[in-house]
Amino acid sequence: QVQLVESGGGLVQAGGSLRLSCAASGRTFSTNGMGWFRQVPGKEREFVAAINWSGGTTFYADSVKGRFTISRDNTKNTVYLQLNSLKAEDTAVYYCAGRRSLSLDFRIGRFDYWGQGTQVTASS
């Protein structure tokens, strides 16, 4: 079992940056594919970024490609999401998610563990 705790959310002006962190408990973190999703009220949770177990492969939603970067540090059991050039439409609750698999995936149903979420607000 893996427990995930996000941090780093906040209020920032459009064009600014934030770095989200997701700390994982459990000995299997280094074998878990990880991802970030986001959700705004009244809408479905959507994929943002994913990374495989080693960090060697990443994948992004088109809406964030070139602005967001996912990374991980298996020695710290932590996955990160660097958010640059934030736009008002990036405002959402961001969720960290983990898989019982080495590979990455972007489909929400393929993730087994979820954090509680952290709010990101980019004001225009």
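Shown above is the structure to which this text applies.
(A) View of the packing of aromatic side chains. Following the criterion strictly, the structure yields seven aromatic pairs and no others. A ring pair is formed by F111 and W114, whose centres lie 6.1 Å apart and whose planes are at 55 degrees; its orientation type is tilted. Members of the aromatic cluster, joined through ring pairs, are F37, F47, F59, F106, F111 and W114. When the ring centre of Y95 is taken as reference, the NZ or CZ atom of R45 above it lies at 3.6 Å. Sitting above the plane of the W114 ring, R45 keeps its charged end 4.9 Å from the centroid.

(B) Quick peek at unusual backbone geometry. Its identity is not glycine, yet N77 carries a phi of approximately 50 degrees, on the positive side. Relative to the elements of secondary structure, N77 occurs in the loop between β7 (68-73) and β8 (78-83). Take N77: its relative accessible area is 22%, and that puts it in the partly exposed class. We note that S85 has phi near 50 degrees; this positive angle belongs to a residue other than glycine. Residue placement: S85 occurs in the loop between β8 and β9 (92-98).

(C) Region of the structure containing the pairing of strand β4 (residues 34-39). Counting buried residues along β4, five of its six residues qualify, which places the element largely inside the surrounding structure. With five bridges joining them, β4 and strand β5 (residues 46-51) adopt antiparallel strand pairing. Note on β5: the bridge partner recorded for M34 is I51. The antiparallel hairpin formed by β4 and β5 contains six residues in its connecting segment, where G42 sits at a positive phi of about 85 degrees.

(D) Geometry of the state of the cysteines. For the coordinates displayed, the defined rule picks out one disulfide. Shown here is the disulfide that connects C22 with C96, its sulfur atoms set 2.1 Å apart. An S-S torsion of about -80 degrees defines the bridge between C22 and C96 as left-handed. Of this pair, C22 sits in strand β3 (residues 18-25) while C96 sits in strand β9, and the two are 74 residues apart along the sequence. The same class applies to C22 and to C96, which are both buried.

(E) Geometry of the side chain of R67. With respect to the helices and strands, R67 occurs in the loop between β6 (58-60) and β7. Look at R67 and you get buried, because its relative accessible area is 11%. For R67, the side chain forms a polar contact with the main-chain oxygen of S63, separated by 2.9 Å. Once residues within four sequence positions are removed from consideration, R67 is found in contact with Q82, L83, N84, S85, L86, K87 and D90.

(F) Layout of the environment of V93. Following the sequence through the fold, V93 ends up in strand β9. If sequence neighbours within four positions are ignored, V93 has contacts with F37, R38, Q39, G117, T118 and Q119.

Rules and cut-offs
- Residues numbered from 1 in each chain as written.
- Predicted model: local features only at pLDDT ≥ 70, side-chain atom pairs only at ≥ 80, totals over all residues.
- Heavy atoms only, no water.
- Phe/Tyr/Trp six-rings, centres within 6.5 Å; stacked < 30°, edge-to-face > 60°.
- Lys NZ or Arg CZ within 6 Å of the ring centre and 35° of its normal.
- Helix = DSSP H or I, 4+ residues; strand = E, 2+ residues; numbered from the N terminus.
- Buried < 20%, exposed > 50% of the residue type's maximum accessible area, 1.4 Å probe, protein only.
- Pairing = 2+ DSSP bridges.
- Disulfide = S-S within 2.5 Å.
- Polar contact = N/O pair within 3.5 Å; in protein donor to acceptor, adjacent residues only side chain to side chain.
- Contact = heavy atoms within 4.5 Å.

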